[in-house]
Amino acid sequence: MDNQTLERRFKLPIILVSIVIPIAVAVLFSIKLKDFGIQVEPLSFLPPIYASINGLTALFLVMGVLAIKNKNQKVHQRFMTSAIACSIVFLVMYVAYHLTADSTVYGDIDGNKILDTTEKTNVGSMRLVYLFILFSHILLSIIIIPLVLITYVRALSSRFDKHRKIAKITFPIWLYVAVTGVVVYLMISPYYAN
């Protein structure tokens, strides 16, 4: 099988995965296990773990780029494969958490709005920053799925000229998604229910 055939073989799976994952996450995000009579404690230990996994993904991405700049293709491949694995683990944990826990709203403490006027103003301003980061993170996390898969398949098919071209787009977006995943967690964590 030639390299172009390999790339063509993965075209439909990439399209399907790029559509199915965001839809599945959106649907699963709106479902709670308790709605089906499954009583399970919220997996409240997961957010700091999956935030750390986002941080690890960012580290792997940077190390992978440094490795290829030093012409170490094997190390680059290991870091990038590890970044993909971390992203998959993150996704599973993220969905598991949201299947068991209610969403947390930025600015709420134990479900009650902050009443102090000064606090309200500060929280309101920071909430806008938080929402911008959150929405850009979500939008780009959807966009990054096909980019990562195409970039990876081009490397597997040894089409390194095309791989490099798309990697220049994929890397900064993926790095932004990984880093903002950590930032979103750090910003929302004070408001998690105890």
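The written sequence of each chain sets the order in which its residues are numbered from 1. Totals for whole chains, interfaces and linings use every residue, but because this is a predicted model, local features are given only for residues with pLDDT of at least 70 and side-chain atom pairs only at 80 or more, for both listing and counting. Hydrogens and waters are ignored; side-chain quantities use all the structure's heavy atoms.

Q: How would you explain the overall build of the chain if you had to name every residue and give the values?
A: Here a helix means four or more residues in a row that DSSP labels H or I, a strand means two or more in a row labelled E, and each is numbered from the N terminus. The helix and strand inventory of the chain stands at five helices and two strands. The order of helices and strands in the chain, counted from the N terminus, is α-α-α-β-β-α-α. Burial here depends on accessible area, computed with a 1.4 Å probe over protein chains only, as a share of the maximum for the residue type. Under 20% is buried, over 50% is exposed, and the range in between is partly exposed. Relative to its full complement of 194 residues, the chain shows a buried share of 35%. For the chain, the computed accessible surface area is about 11,900 Å², with 69% contributed by carbon and sulfur atoms. We get accessible surface area from the Shrake-Rupley algorithm with a probe of 1.4 Å; when it comes to residues, only the shown protein chains can shield them.

Q: Tell me about the packing of helix α2 (residues 46-69) against helix α5 (residues 160-188), and name the residues and values.
A: Taken N-terminus to C-terminus, the directions of α2 and α5 make an angle of 150°; their axes are 8 Å apart at the nearest point. Judged by the inter-axis angle, α2 sits roughly antiparallel to α5. For the pair α2 and α5, the sense of crossing is left-handed. Side by side, α2 and α5 meet where Pro47, Pro48, Ala51, Asn54, Gly55, Thr57, Ala58, Leu61, Val62 and Val65 of the first sit next to Phe171, Trp174, Leu175, Ala178, Val179, Gly181, Val182 and Tyr185 of the second. Under the grouping applied here, Gly and all other residues not named as nonpolar or charged are polar, the nonpolar ones being Ala, Val, Leu, Ile, Met, Phe, Trp, Tyr, Cys and Pro and the charged ones Asp, Glu, Lys and Arg. The residue inventory of the contact of α2 with α5, partitioned by class, reads 14 nonpolar, four polar and no charged. All axes here are fitted lines through C-alpha atoms, helices being fitted over the stretch that makes contact, and every angle between N-to-C directions spans 0 to 180 degrees. Every angle not falling under 35 degrees, over 145, or within 65 to 115 is termed oblique; those three ranges are roughly parallel, roughly antiparallel and roughly perpendicular. Helix crossings are classified by the rotation of the near helix relative to the far one: an anticlockwise turn of less than a right angle makes the crossing left-handed, while a clockwise turn makes it right-handed. In what follows, a contact means two residues having at least one pair of non-hydrogen atoms within 4.5 Å.

Q: Can you break down the packing of aromatic side chains residue by residue, with the values?
A: Think of a pair of aromatic rings as described by two things: how far the centres are apart, and how the planes are tilted against each other in angle. Each Phe, Tyr or Trp ring, with Trp reduced to its six-membered ring, pairs with another whose centre is within 6.5 Å; inter-plane angles below 30 degrees give stacked pairs, above 60 give edge-to-face pairs, and intermediate values give tilted ones. Enumeration according to the criterion identifies eight aromatic pairs in this entry. Aromatic side chains Tyr50 and Phe90 sit 5.4 Å apart centroid to centroid with 85° between the ring planes, which places their arrangement in the edge-to-face category. Of the two residues, Tyr50 is situated in helix α2 and Phe90 in helix α3 (residues 73-100); the sequence distance between them amounts to 40 residues. Accessibility assignment for this pair places Tyr50 and Phe90 in one class, buried. Ring pairs connect the aromatic residues Phe29, Tyr50, Phe90, Tyr94 and Tyr97, which therefore count as one cluster. Over the ring of Phe29 we find Lys32, and its NZ or CZ is 5.7 Å from the ring centre. Both a distance and an angle decide whether a charge sits over a ring: NZ of Lys or CZ of Arg must be within 6 Å of the ring centre and within 35 degrees of the ring normal.

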